[in-house]
Number of protein chains: 2
Amino acid sequence: MEQDLFAGIDIGGTSVKLAFLTRAGEMIKKWEIPTDRQDNGARIVDDITLSISKELPSESSLLGAGVGAPGFIEMETGFIYHAVNIGWRDYPLKDELEKALGVVVRIDNDANLAALGEKWKGAGDGTNEELFVTLGTGVGGGIITRGQILHGENGMGGEIGHITSIREGGAPCNCGKFGCLETVSSATGIVRLAKEKRTENQSSLLNQLEENELTTKAIFEAAEKGDTVARAVIKEAVEHLGYAIANLANALNPAKIIIGGGVSKAGDSLLVPLREVFNQYALERVAESAEIKQAHLGNDAGIYGAVWLAIQAQKEEITR
Amino acid sequence: MEQDLFAGIDIGGTSVKLAFLTRAGEMIKKWEIPTDRQDNGARIVDDITLSISKELPSESSLLGAGVGAPGFIEMETGFIYHAVNIGWRDYPLKDELEKALGVVVRIDNDANLAALGEKWKGAGDGTNEELFVTLGTGVGGGIITRGQILHGENGMGGEIGHITSIREGGAPCNCGKFGCLETVSSATGIVRLAKEKRTENQSSLLNQLEENELTTKAIFEAAEKGDTVARAVIKEAVEHLGYAIANLANALNPAKIIIGGGVSKAGDSLLVPLREVFNQYALERVAESAEIKQAHLGNDAGIYGAVWLAIQAQKEEITR
């Protein structure tokens, strides 16, 4: 059967994830190839192109591609200023891919694409007003207003991990500031808090864990068992996160607040107390219209979002 | 000379301000009429219509009207759920005005229209990414993303006055919460802080002022003269405002942050320390691309924004 397909491409430092999706959002095939970082990533576009043409089902045509890329991206032109993990510097990724693939290409960053993916096929239920938060190594964010990503003036829109949560005496953040939300509510931040607090209470279950066993999963499990230290750690992380998203929600008035990333796997153990803190700080009408949900699509969210962008771009091409 | 004109209408509890503007944004005439609140505001639309037809210059035609209205508005339909100051309840203001005036009408709230007005003809220099903050009796806000107002899910977008600035022990706010930005950085909030702090230091110049003389203007003047209490009051108000807008800017990445309302008349005495606090909490790339400016249009900002909306609406009508 002849089929119109779109490619979703997620470029990471070690591998490139690829998938074909239909216009309706059905994932037909998913695979990955290694990221060739030699010569400042000069061969990556060719590798992607070759792999796509090899994997494209016979009698199918490729209509567009969406790409998640790391680093500072100029969204409109798909120009990468600098991607440390890959080696690209002043690299016209969109132009190179469009030339090589012969179809329209759109590029955005991971958190923004995950926000779009969740809107389209995940927890967003097609909402036009979404705040997406990803709690992983860091805290990432993607904001959707009137159905489109909020990029802001120079692509920094949605950088909610660097909202200052602790105004004085906060831990240093990778961004150079102190006390960012990321330092307390990311997986890294939660583990850091646990390390600090378990030394203060030797009877805590957390002290039975080796350094490498002290994960957010283990901390949530200890909290379930009633461990007061684990509970205090989660309370602190949730308090800062709930406060930050409530303040944002007063400005953005989102319909869906979607929590993704590794920490979100805690499910209701995270979402129930988060909702409580959120309600405390959000305006009543804002709280009433905002649903806080766990992300549905996991690591595939970015691929879905990339394809959604590609579909929009292809529609625009046709009507132009 | 025959001229195409647009009406800007700003409906308040005591008066309705009206103006005619050209498509280029030149204000041709400005006047006001009293707000007739009898019978739950039933005659206001007729009063406006009569006044517009009387004032419309001969040989000119009215092409559209933009309206600033108080209360909870459903933006798309221009339906007013409840406007306490006027008496309207479940009132289809847009439909009524379109029927009476015979032109397309657009409605939004004051702060959103002021944000659009400043973008079009004021301090915004035509920016598509703006955070507008008005410091008056309360703290209002209007957010522009991709050139349009951010309304959010149910019209609460931009309600930044109710961001929680003081997490514990804050003053009660009109919204029912405690410690909102509005309780410390509005004119009312600044005066309240001054009243509290001047009793602690009898040598403060602020103690020479009667209750009704204790205005933000007087407080800024005392600070200029070196009064430590006045300076502490301003420092506190600015610290909370700068922190709130920096956190918002990390999410919104605005090009222009425009400060309006009575308190903004302090000019650099407000903006210089505000910028300092802002830079402390905003990401470097966010701070670099954000200009903090005093609003230019004063009380006329809403009229300009209303007309801008009306012009967009009329363009859409034509291309439909």
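Basis of the calculations
- Residues numbered from 1 in each chain as written.
- Chains lettered and ligands numbered in written order.
- Predicted model: local features only at pLDDT ≥ 70, side-chain atom pairs only at ≥ 80, totals over all residues.
- Heavy atoms only, no water.
- UniProt positions renumbered as here; feature names shortened; annotations may be inferred.
- Helix = DSSP H or I, 4+ residues; strand = E, 2+ residues; numbered from the N terminus.
- Rg over C-alpha atoms; globule rule 2.2 N^0.38 Å.
- Buried < 20%, exposed > 50% of the residue type's maximum accessible area, 1.4 Å probe, protein only.
- Areas by Shrake-Rupley, 256 points an atom, 1.4 Å probe, with all protein chains shown as cover.
- Lys, Arg positive; Asp, Glu negative; His and termini not counted.
- Charge placed at Lys NZ, Arg CZ, Asp CG, Glu CD.
- Axes fitted to C-alpha atoms, helices over the stretch in contact; angles between N-to-C directions.
- Parallel < 35°, antiparallel > 145°, perpendicular 65-115°, else oblique.
- Left-handed = near helix turned anticlockwise from the far one by under 90°.
- Contact = heavy atoms within 4.5 Å.
- Nonpolar A, V, L, I, M, F, W, Y, C, P; charged D, E, K, R; others polar.
- Buried area = accessible area lost by both parts, 1.4 Å probe.
- Salt bridge = Lys/Arg side-chain N within 4 Å of Asp/Glu carboxyl O.
- Polar contact = N/O pair within 3.5 Å; in protein donor to acceptor, adjacent residues only side chain to side chain.
- Least-squares fit on C-alpha atoms with pLDDT ≥ 70 in both.
- Core = buried A, V, L, I, M, F, W, Y, C linked by side-chain atoms within 4.5 Å.
- Pairing = 2+ DSSP bridges.
- Domains from an automatic or database assignment.
- Phe/Tyr/Trp six-rings, centres within 6.5 Å; stacked < 30°, edge-to-face > 60°.
- Lys NZ or Arg CZ within 6 Å of the ring centre and 35° of its normal.

If you check an unreviewed UniProt entry, chain A appears there as Glucokinase from Shouchella xiaoxiensis. Turning to chain A, the UniProt annotation filed under Sequence similarities (unreviewed entry) states: "Belongs to the ROK (NagC/XylR) family."

Asker: Tell me about the overall build of chain A, and name the residues and values.
Answerer: Helices and strands together make up the secondary structure of chain A, namely 11 helices and 13 strands. What you see for chain A is a C-alpha radius of gyration of 21 Å, in line with the 20 Å of a compact globule of 320 residues. Overall, chain A is about 65 × 45 × 40 Å in size when its C-alpha atoms are taken along their principal axes. Across the 320 residues in chain A, those meeting the buried criterion constitute 58%. Surface accessibility of chain A: about 13500 Å² in total, with carbon and sulfur atoms responsible for 47%. One way to put it: in chain A the 31 positive side-chain charges average out to a point 2 Å from where the 45 negative ones average out.

Asker: Pulling in residues and values, what's your account of the packing of helix α8 (residues 228-252) of chain A against helix α9 (residues 268-281) of chain A?
Answerer: Residues and elements named next belong to chain A. Relative to each other, α8 and α9 sit at 50°, their axes nearing to 8 Å. What the angle tells us is that α8 and α9 run oblique. The interaxial crossing formed by α8 with α9 has right-handed handedness. On α9, the residues that touch Val238, Glu239, Leu241, Gly242, Tyr243, Ile245, Ala246, Ala249 and Asn250 of α8 are Leu270, Pro273, Leu274, Val277, Phe278 and Tyr281. In terms of residue class, the contact of α8 with α9 is made up of 12 nonpolar, two polar and one charged.

Asker: Go over the interface of chain A and chain B with me, naming the residues and quoting the values.
Answerer: Taken together, the contacts link 43 residues of chain A with 43 residues of chain B. Three residues, A:Arg146, A:Arg167 and A:Arg285, lead the burial of chain A against chain B; their summed loss comes to 21% of the area buried on that side. On inspection of chain A and its partner chain B, the count reaches two salt bridges. Residue B:Glu239 pairs with A:Arg167 through a salt bridge whose shortest N-O separation is 3.6 Å. Here chain A is connected to chain B by 31 residue pairs in polar contact (both at pLDDT 80 or more). Going through the elements one at a time, β10 (139-145), β11 (148-149), α8, α9 and α10 (284-288) of chain A are the ones with two or more residues in the side of chain A that touches chain B. Sort the elements by how many residues they give to the side of chain A that touches chain B and α8(A) lands first, with eight residues. Residue classes in the side of chain A that touches chain B are distributed as 18 nonpolar, 17 polar and eight charged.

Asker: So, unusual backbone geometry: which residues are in play, and what are the values?
Answerer: All names here are of chain B. One non-glycine residue, arginine 146, adopts positive backbone phi at about 50°. Looking at the element boundaries, arginine 146 is found in the loop between β10 (139-145) and β11 (148-149). Judged by relative accessible area, which is 30%, arginine 146 ranks as partly exposed. For asparagine 253, which is not glycine, the phi dihedral falls at a positive 50°. One can find asparagine 253 in the loop between α8 (228-252) and β12 (256-260).

Asker: Could you give me a rundown of the relation of the copies chain A and chain B, with the residues and numbers involved?
Answerer: For the pair chain A and chain B, the relating rotation is 180°, the translation along its axis is 0.0 Å, and the fit reaches an RMSD of 0.1 Å. Taken together, the rotation and translation relating the two chain copies correspond to the operation of a two-fold axis. Distance from the rotation axis, computed per C-alpha, reaches its smallest value in chain A at A:Leu248: 3.4 Å.

Asker: Any chance you could break down the nonpolar core for me, citing the residues and the numbers?
Answerer: Ranked by size, the top nonpolar core spans 104 residues in total, and within it A:Ile219, A:Phe278, B:Ile219 and B:Phe278 carry the most contacts. For B:Phe278, the contacting residues outside a window of four places in its chain are B:Gly242, B:Ile245, B:Ala246, B:Ala249, B:Ile257, B:Ala287, B:Ala290 and B:Ile292.

Asker: Go over the sheet that holds strand β7 (residues 88-91) of chain B with me, naming the residues and quoting the values.
Answerer: All names here are of chain B. With antiparallel pairing, the three strands of this open sheet are ordered in space as β5-β6-β7. A strand with exactly one partner marks an edge of an open sheet, and here the two such strands are β5 (72-74) and β7. On average, adjacent strands in this sheet sit at an angle of 15° to one another, irrespective of strand direction. As paired strands, β5 and strand β6 (residues 79-83) are joined by three bridges and run antiparallel to one another. Bridge pairing links isoleucine 73 to isoleucine 80 in β6.

Asker: Go over the domain arrangement of chain A, please, and point to the residues and values.
Answerer: Often, the extent of an interface is quoted as the loss of accessible area on bringing the components together. Residues and elements named next belong to chain A. Here the domain parsing of chain A yields domain 1 (3-110 + 300-319) and domain 2 (123-295). Each of domain 1 and domain 2 has a C-alpha centre, and the two are 30 Å apart. Between domain 1 and domain 2, the contact holds four residues from the first and six residues from the second. Of the roughly 410 Å² buried between domain 1 and domain 2 on both sides combined, carbon and sulfur atoms contribute 57%. For domain 1, the biggest contributors to the area lost against domain 2 are Met75, Asp108 and Trp308; these three give 62% of the whole. Counting across the domain 1 and domain 2 interface gives zero salt bridges.

Asker: Please give an account of the environment of B:Asp4 that cites residues and values.
Answerer: Residues and elements named next belong to chain B. One can find aspartate 4 in strand β1 (residues 3-11). With near-sequence residues (within four places) excluded, aspartate 4 lies in contact with Leu21, Thr22, Arg23, Ser61 and Leu63. A polar atom in the side chain of aspartate 4 sits 3.5 Å from the side chain of serine 61.

Asker: Quick one: what's the story with the packing of aromatic side chains, residue by residue and with numbers?
Answerer: Any pair of aromatic rings gets described here by the distance separating the centres and the angle formed by the planes. In total, this model carries 10 aromatic pairs over all chains according to the counting rule given. Seen from their ring centres, A:Phe20 and A:Trp31 are 5.1 Å apart, and the 45° between their planes marks the pair as tilted. Here A:Phe20, found in strand β2 (residues 15-22), pairs with A:Trp31, found in strand β3 (residues 27-34); they are 11 residues apart in sequence, far enough to count as distant. Each member of the pair A:Phe20 and A:Trp31 is classed as buried. The interplanar angle of 70° and the centroid separation of 5.7 Å between the aromatic rings of A:Phe79 and A:Tyr81 together place this pair among those described as edge-to-face. The ring of B:Phe72 has A:Arg285 sitting right over it, with the charged end atom 4.2 Å from the ring centre.

Asker: So what's going on with the pattern of salt bridges? Residues and values would help.
Answerer: Residue and element names in this part refer to chain A. Under the criterion given, the structure shown has 32 salt bridges over all chains. A salt bridge links glutamate 211 to arginine 198; the nearest nitrogen and oxygen atoms lie 3.7 Å apart. Placement of glutamate 211 in the loop between α6 (187-198) and α7 (216-224) and of arginine 198 in helix α6 is noted, with a sequence separation of 13 residues between them. The exposure class of arginine 198 is buried, given its relative accessible area of 10%.

Asker: Any chance you could break down the sheet that holds β10(B) for me, citing the residues and the numbers?
Answerer: Residue and element names in this part refer to chain B. Strand order in the open sheet formed by five strands is β11-β10-β9-β12-β13, with mixed pairing between adjacent strands. The open sheet has two edge strands with one neighbour each: β11 and β13 (291-294). Both strand β9 (residues 130-135) and β10 contribute to a ladder of six bridges, which runs antiparallel. Bridge pairing links threonine 134 to glycine 140 in β10.

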